[in-house]
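# Architecture and fold: a report
Okay, here's what each chain looks like letter by letter:
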Amino acid sequence: MATFNGLDSSQKVLYVAGGAVVAIVTIVGLRKLCFKKLKAKKYPRDTVILHQPGRGPYAPSLSPFALKLETYLRMAKIPYQNVHGMKPSSKGKFPWIEYNGLAVADTSLCIQFLNQKFGVDFNGSLIPAERGVAQAMQVMVEEQLFLFHVLFRWKFENDKSLTLKTAKVGRLTAWMAGKIFMRQVTSAGFGQHTEEEINEMFRKDLQSLSDFIGTKKFLMGDEPCETDCAVFGQVAVIYWQFYGTRHATIIKDKYPNLASYCERMKDTFWPDWDECHTHGGTREAVK
Ligand SMILES: N[C@@H](CCC(=O)N[C@@H](CS)C(=O)NCC(=O)O)C(=O)O
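How each quantity is defined
Residues numbered from 1 in each chain as written. Predicted model: local features only at pLDDT ≥ 70, side-chain atom pairs only at ≥ 80, totals over all residues. Heavy atoms only, no water. Helix = DSSP H or I, 4+ residues; strand = E, 2+ residues; numbered from the N terminus. Buried < 20%, exposed > 50% of the residue type's maximum accessible area, 1.4 Å probe, protein only. Contact = heavy atoms within 4.5 Å. Axes fitted to C-alpha atoms, helices over the stretch in contact; angles between N-to-C directions. Parallel < 35°, antiparallel > 145°, perpendicular 65-115°, else oblique. Left-handed = near helix turned anticlockwise from the far one by under 90°. Nonpolar A, V, L, I, M, F, W, Y, C, P; charged D, E, K, R; others polar. Near = heavy atom within 4 Å. Polar contact = N/O pair within 3.5 Å; in protein donor to acceptor, adjacent residues only side chain to side chain. Areas by Shrake-Rupley, 256 points an atom, 1.4 Å probe, with all protein chains shown as cover. Core = buried A, V, L, I, M, F, W, Y, C linked by side-chain atoms within 4.5 Å. Salt bridge = Lys/Arg side-chain N within 4 Å of Asp/Glu carboxyl O. Lys, Arg positive; Asp, Glu negative; His and termini not counted. Pairing = 2+ DSSP bridges. Phe/Tyr/Trp six-rings, centres within 6.5 Å; stacked < 30°, edge-to-face > 60°.

Each helix and strand in the protein was counted, giving ten helices and four strands. Starting at the N terminus and walking to the C terminus, you meet the elements of the protein as α-β-α-β-β-β-α-α-α-α-α-α-α-α. Of all 287 residues assigned to the protein, the portion counted as buried reaches 44%. Here the analysis covers contacts within the protein between residues at least 6 apart in sequence; of these, 74% occur between residues at least 24 apart.

As a further point, take the packing of helix α2 (residues 64-75) against helix α8 (residues 226-241). Interaxial distance between α2 and α8 falls to 8 Å at its minimum, and their mutual angle equals 135°. By the angle between their directions, the pair α2 and α8 is classed as oblique. Pair α2 / α8 crosses with right-handed handedness. Mapping the contact onto sequence places P64, F65, L67, K68, T71, Y72 and M75 in α2 and D228, C229, A230, F232, G233, Q234, A236 and V237 in α8. Considered class by class, the residues forming the contact of α2 with α8 number ten nonpolar, three polar and two charged.

S63, F65, G92, K93, F94, D106, T107, F146, I180, F181 and Q184 make up every residue found near the ligand. Within the contact set of the ligand, an oxygen atom lies 2.8 Å away from a side-chain nitrogen or oxygen of K93. D106 is positioned such that a nitrogen or oxygen atom in its side chain is 3.0 Å from a nitrogen atom of the ligand. Considered on its own, the ligand offers 510 Å² of accessible surface; in the complex 83% of this is hidden by protein.

So, on to the nonpolar core. Ranked by size, the top nonpolar core spans 66 residues in total, and within it Y72, I97, F202, L209, F232 and I251 carry the most contacts. Among the elements that line this core, the one with the most residues is helix α4 (residues 128-154), at twelve residues.

Enumeration over the complete set of coordinates arrives at seven salt bridges. E142 is paired through a salt bridge with K68; the nearest N and O atoms lie 2.8 Å apart. In this pair, E142 sits in helix α4 while K68 sits in helix α2, placing the two residues 74 residues apart along the sequence. Each member of the pair, E142 as well as K68, is classed as buried. The salt bridge involving K287 is made with D272; its shortest N-O contact spans 2.6 Å.

A few words on the side chain of E226. When you line up the elements, E226 lands in helix α8. In this structure E226 is buried but unpaired, with K68 as the nearest side chain of opposite charge at 7.1 Å. There is a polar contact of 2.8 Å between the side chain of E226 and the side chain of N115.

Now for the pairing of strand β3 (residues 96-99). In β3, alternate side chains face the same way, and those of W96 and E98 on one face and I97 and Y99 on the other are all buried. Of the strand pairs in this sheet, strand β1 (residues 48-52) and β3 are connected by four bridges, and their pairing is antiparallel. By the bridge assignment for β3, L50 is matched with I97. Direction of pairing for β3 relative to strand β4 (residues 102-105): antiparallel, over a ladder of four bridges. Considered in β4, the bridge of I97 is made with V104. As consecutive antiparallel partners, β3 and β4 are separated by two residues, and within that stretch N100 has a phi angle of approximately 45°, a positive value.

It is worth spelling out the packing of aromatic side chains at this point. Tallied over the entire structure, the rule returns 16 aromatic pairs. Ring geometry for Y99 and F118: centres 5.6 Å apart, planes at 70°, overall edge-to-face. Linking Y99 in strand β3 with F118 in helix α3 (residues 107-118), this pair joins segments that are 19 residues apart in sequence. Residue F118 is classed as partly exposed on the basis of its relative accessible area of 31%.

Structure follows, in structure tokens:
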């Protein structure tokens, strides 16, 4: 086996240079790792860090899921701090949370985690049959109504300019986002339906929700429950932010009890609502 001393001078130079490159790469890598750790540590302890895209034009978010989670944090009075940005969760979606360095993805799993951590259970006073209905309503709005929302926003003819301006994304990012959303809609089986068919289904979901809420103050009665966060998130973006689509005023015109419901949730949990949106993209949100 050749020893270092047995190498000729040009081989020795190569050997030393190679070692130096490896050392530099290692040091840079370690520094990056340490920097990342330091960055992760800059968030305050015992505070939920809510990662979500920027504020929306007429409501605190364009994302119904972000609105759901932030409403829950307010309802549960859990200290939180928003980090607005486009860094997705480990599962590729928004929003997500970090708590004392632990990351949790998916809004329902975030809520489950926080319920356990903070001993919260807003659905606890419901009887089992009510819990069943609440869960069914949540699945309807998150797994179906949301996809109709996506179709109206991203597929059917509409003006996307305000959405793009507010989301502050370039055309390429918007195009890619549209593709991702369309894949989701297609894999759920809605991609081939005509606009008329989707209109029908969309109205049926809103009608069911409206019939179920009736004259109640919140989804399950006089007090808001956990599921109200999910329902509010989905209905609020249709009520306040469906501009550019054919259904911009559908809730106001056809489902006044859903409009009152949205206003009631807003008044109860978002006294600072006007500071948390961009007033049609005309200014930065204060909070
Ligand atoms: N089940 C997820 C759904 C979240 C979701 O669909 N978020 C959308 C934004 S409203 C998203 O991140 N879409 C990007 C993508 O699907 O790649 C949750 O509750 O967190």
